[in-house]
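So you can see what is in the structure, the chains are spelled out below.
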Amino acid sequence: MPSPSPRLQFDLERQAGQPPMLTVADGHNPVQWAEQHQESLRTAVAEHGAVLVRGLALRDPAEVADVFHRLAPDGLMPDREAFAARQPYLDGVYSSLKWPANQPMCMHHELSYALEFPGLMLFACLHAPSAGGVTGVADSRAVLNALPPNIVERFESEGWLLARSFNEDIGASYEEAFGVADRAGVEEYCHTHAIEFQWQPDGELRTRQRRPALIRHPLTGQRCWFNQIAFLSEWTIAPEVREYLVDVYGPDGLPFNTRFGNGEPIGEDIIALLNDTYETHTLRTPWETGDLMLVDNIRMAHSREAYEGPREVLVGMAEPRNVFDLDTHAQDGAR
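Residues numbered from 1 in each chain as written. Predicted model: local features only at pLDDT ≥ 70, side-chain atom pairs only at ≥ 80, totals over all residues. Heavy atoms only, no water.

A. Spotlight on the overall build of the protein. Check the secondary structure of the protein and you find 8 helices and 18 strands. Taking 335 residues into account, the globule formula puts the C-alpha radius of gyration at 20 Å, and the protein, at 20 Å, falls close to it. Expressed as lengths along the three principal axes of its C-alpha atoms, the size of the protein is roughly 65 × 40 × 40 Å. A total of 335 residues make up the protein; the buried ones form 54% of that total. In the form shown here, the protein has an accessible surface area of approximately 15300 Å², with 48% of it arising from carbon and sulfur atoms. Distance between charge centroids for the protein: 4 Å, based on 27 positive and 49 negative side chains. (Helix = DSSP H or I, 4+ residues; strand = E, 2+ residues; numbered from the N terminus. Rg over C-alpha atoms; globule rule 2.2 N^0.38 Å. Buried < 20%, exposed > 50% of the residue type's maximum accessible area, 1.4 Å probe, protein only. Areas by Shrake-Rupley, 256 points an atom, 1.4 Å probe, with all protein chains shown as cover. Lys, Arg positive; Asp, Glu negative; His and termini not counted. Charge placed at Lys NZ, Arg CZ, Asp CG, Glu CD.)

Here it is as structure tokens:
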């Protein structure tokens, strides 16, 4: 019986302020390359948190889907509970969230507010923008260590709360978010996924879900800052947009907002501190058409900067995890 092939070790390029990058020589078939190097690439992601692969020259959604499935052989996750719509492509491959090009998407861990979230994010750039549009990454351990202990302790003790209001005008509808067609489906989904819900007289749906703000990495056991407290806060929305939304929907009817786990408001100063801390630890490399990037969704937060010109980045999510299985602090009654 032939001996197994030795695991290939990548020579990654490391530059200050940038995620590790692997440059692939021209002429490779991307699908075959992904299948051959899946184990080595996943080892590199486990070591570094994120790896940008340049030179594969990915061309179309079908090829991207084949590559994603080679790199995540246990399958891709369906998109559930997104706060903005995505365009579905092929079997677990989606567009980036539909978000205004002139507004950044601040650092976050994908679906950190959901009961089940992806442990691995896969990104493929089919069309790089003319300016901006970087998918930055930031090490959640470094962010955690840089935050004031009193803030960390409160969030670790209480968790955080996401409040959502679903309406016909902004963000994903509840049908899109939960993958259901009627109120009964919404209620069943919410009961199953530890989400409180309330129907308003006008038919609007409001939900609240309390989640851990810190979790332990399933492989290393290290504590990681893991949430979307800053990104989904009212204080991260552009001031003029926030003022308009409050005027139209009221302070309790914003499409999304975050609070401390006990329901108390989070001050603008804390949100600014979180975003500043993320910025200090952000690694960024501009996309080039054909790029591939893998991100450990627990170890690394990611963002999307404002951009100009057409931008097409496809997304896949894999390795589902239950957030309460990794909670650093027992939260009685959170389930």
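There's plenty left to go through after this.
B. Local environment of the environment of L90. Relative to the helices and strands, L90 resides in the loop between α2 (61-71) and β3 (93-95). Setting aside residues no more than four positions away along its own chain, L90 makes contact with P61, A62 and A65. (Contact = heavy atoms within 4.5 Å.)

C. Structural view of the side chain of N257. Considering the arrangement of structural elements, one finds N257 in strand β13 (residues 256-260). Note on N257: relative accessible area 9%, which makes it buried.

D. Summary view of the sheet that holds strand β9 (residues 196-199). What the 4 strands build is an open sheet, ordered β9-β10-β8-β13; its pairing is antiparallel. The strands lining the two open edges of the sheet, one partner per strand, are β9 and β13. Neighbouring strand axes in the sheet, compared pairwise and without regard to direction, differ in orientation by 15° on average. The sheet contact formed by strand β8 (residues 160-166) and β13 spans 5 bridges and is antiparallel. Within β13, the position partnered with W160 by the bridge is F260. Against the sheet, helix α6 (residues 183-192) engages β9 and β10 (205-211), with an angle of about 155° to β9. (Pairing = 2+ DSSP bridges. Axes fitted to C-alpha atoms, helices over the stretch in contact; angles between N-to-C directions.)

E. Expanded view of α2. Here α2 has its buried residues at E63, V64, A65, V67, F68 and L71. Against the buried residues of α2 lie α1 (30-48), β3, β5 (116-127), β15 (292-296) and β18 (312-322). For α2, the side-chain oxygen to backbone nitrogen distance between the N-cap and A62 is 3.2 Å, and the N-cap itself is D60. (Polar contact = N/O pair within 3.5 Å; in protein donor to acceptor, adjacent residues only side chain to side chain.)

F. The packing of α1 against α2, seen in detail. Where α1 meets α2, the closest approach of the two axes is 8 Å, and the angle between their N-to-C directions is 30°. When the interaxial angle is binned, α1 and α2 end up roughly parallel. With respect to the hand of their crossing, α1 and α2 are arranged in right-handed fashion. Taken together, the residues of α2 that come into contact with α1 (itself represented by P30, V31, A34, E35, Q38, L41 and R42) are E63, D66, V67, R70 and L71. Of the residues assigned to the contact of α1 with α2, the class counts are 6 nonpolar, 1 polar and 5 charged. (Parallel < 35°, antiparallel > 145°, perpendicular 65-115°, else oblique. Left-handed = near helix turned anticlockwise from the far one by under 90°. Nonpolar A, V, L, I, M, F, W, Y, C, P; charged D, E, K, R; others polar.)

G. Representation of the environment of Q209 in the model. Looking at the element boundaries, Q209 is found in strand β10. Here the alpha-carbon distance between Q209 and L162, two residues 47 residues apart in the chain, equals 5.4 Å. At 3.1 Å, the side chain of Q209 and the side chain of E81 are in polar contact.

H. How the structure looks around the confidence of the model for the protein. Here the protein averages 91 in pLDDT, while 96% of its residues score no lower than 70. Per-residue pLDDT stays below 50 along residues 1-8; that stretch engages in 6 contacts with residues further than four places along the chain or on separate chains. Within the model, pLDDT remains below 50 along residues 331-335, and this stretch shows 14 contacts once partners closer than five positions in the same chain are excluded. (pLDDT = per-residue confidence, 0-100.)

I. Expanded view of a negative patch on the surface. Taken together, the side chains of E168, D169, E175, E176 and D182 present a region of like negative charge at the surface. Summarising the element assignment, D169 is placed in the loop between β8 and α5 (174-178). According to the relative accessible area criterion, D169 is exposed, its value standing at 61%. (Patch = residues over 30% accessible without salt bridge, like charges linked within 9 Å, V, L, I, M, F, W, Y side chains within 5 Å. Salt bridge = Lys/Arg side-chain N within 4 Å of Asp/Glu carboxyl O.)

J. Here's a closer look at unusual backbone geometry. Phi at L111 takes a positive value of approximately 55°, unusual for a residue other than glycine. Along the polypeptide, L111 turns up in the loop between β4 (105-108) and β5. You will see that A194, though not glycine, has its phi angle at about 55°, which is positive. Since its relative accessible area comes to 21%, A194 is described here as partly exposed.

K. Inspection of the environment of M317 at higher detail. Relative to the elements of secondary structure, M317 occurs in strand β18. With 225 residues separating them in the primary sequence, M317 and G92 have C-alpha atoms 7.4 Å apart. Those residues in contact with M317 that sit more than four places away from it in its chain are G75, L76, M77, D79, G92, Y94, E110, L111, P118, L120, M121 and L122.

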